[in-house]
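# Report on the structure
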Amino acid sequence: TLRAISMPDTQGSDCGIWPIQIRGWPKEACRVHDRMYTEGSWAEAHMSRADADRWLLTMLLEVSGKNIFKKATSYVMYGVARLFGSAYWEENNNG
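Residues numbered from 1 in each chain as written. Predicted model: local features only at pLDDT ≥ 70, side-chain atom pairs only at ≥ 80, totals over all residues. Heavy atoms only, no water.

This part is about helix 4 (residues 68-84). Its 17 residues give helix 4 an end-to-end C-alpha distance of 24 Å, which sits within 8% of 24 Å, the value for a rise of 1.5 Å per residue. Buried residues of helix 4: T73, S74, M77, V80 and A81, and no others. Relative to the axis of helix 4, the buried residues are bounded by an arc of 125° and lie together on one face. The outward face of helix 4, more than 90 degrees from its buried face, is lined by the exposed residues I68 and L83. Between the side-chain oxygen at the start of helix 4 and the backbone nitrogen of F69 there is a gap of 2.9 Å, and the oxygen is on N67. (Helix = DSSP H or I, 4+ residues; strand = E, 2+ residues; numbered from the N terminus. Expected span 1.5 Å × (residues − 1). Buried < 20%, exposed > 50% of the residue type's maximum accessible area, 1.4 Å probe, protein only. Arc of directions from axis to C-beta. Polar contact = N/O pair within 3.5 Å; in protein donor to acceptor, adjacent residues only side chain to side chain.)

The following block contains the structure:
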């Protein structure tokens, strides 16, 4: 479910950034995505932010199965990553 949180990002605790967070089902995909955004990570050096965010969407849709709510939520979380993720990605790597 979506819920407000009081921290700027989740850094592996769940999925999302303030004020939107998902608990439960997509946790591992979000942890990997968070690691992609980590300063000095392989992904940060070799991928664009857009590539990392598309990977997140692909994984979220995969773990959504046939659940329409989860699929819709996957697109919302992708949109959140695209809109607000630049604050967490190094400036020298376009995305």
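Now for the packing of helix 3 (residues 49-64) against helix 4. Packed helices, taken two at a time, are described by their axes: the angle between them and the distance between them. Where helix 3 contacts helix 4, the two axes come as close as 9 Å, and the packing angle between them is 165°. On the basis of their axis angle, the class for helix 3 and helix 4 is roughly antiparallel. Note that helix 3 runs across helix 4; the crossing there is right-handed. Between helix 3 and helix 4, the contacting residues are R49, A50, D53, R54, L56, L57, L60, L61 and S64 on the first element and K70, K71, S74, Y75, M77, Y78, A81 and R82 on the second. In terms of residue class, the contact of helix 3 with helix 4 is built from nine nonpolar, two polar and six charged. (Axes fitted to C-alpha atoms, helices over the stretch in contact; angles between N-to-C directions. Parallel < 35°, antiparallel > 145°, perpendicular 65-115°, else oblique. Left-handed = near helix turned anticlockwise from the far one by under 90°. Contact = heavy atoms within 4.5 Å. Nonpolar A, V, L, I, M, F, W, Y, C, P; charged D, E, K, R; others polar.)

Quick look at the side chain of D53 now. Looking at where D53 falls in the secondary structure, it is placed in helix 3. Not counting the four nearest positions on each side in its chain, D53 is found in contact with H33, Y37, Y78, A81 and R82.

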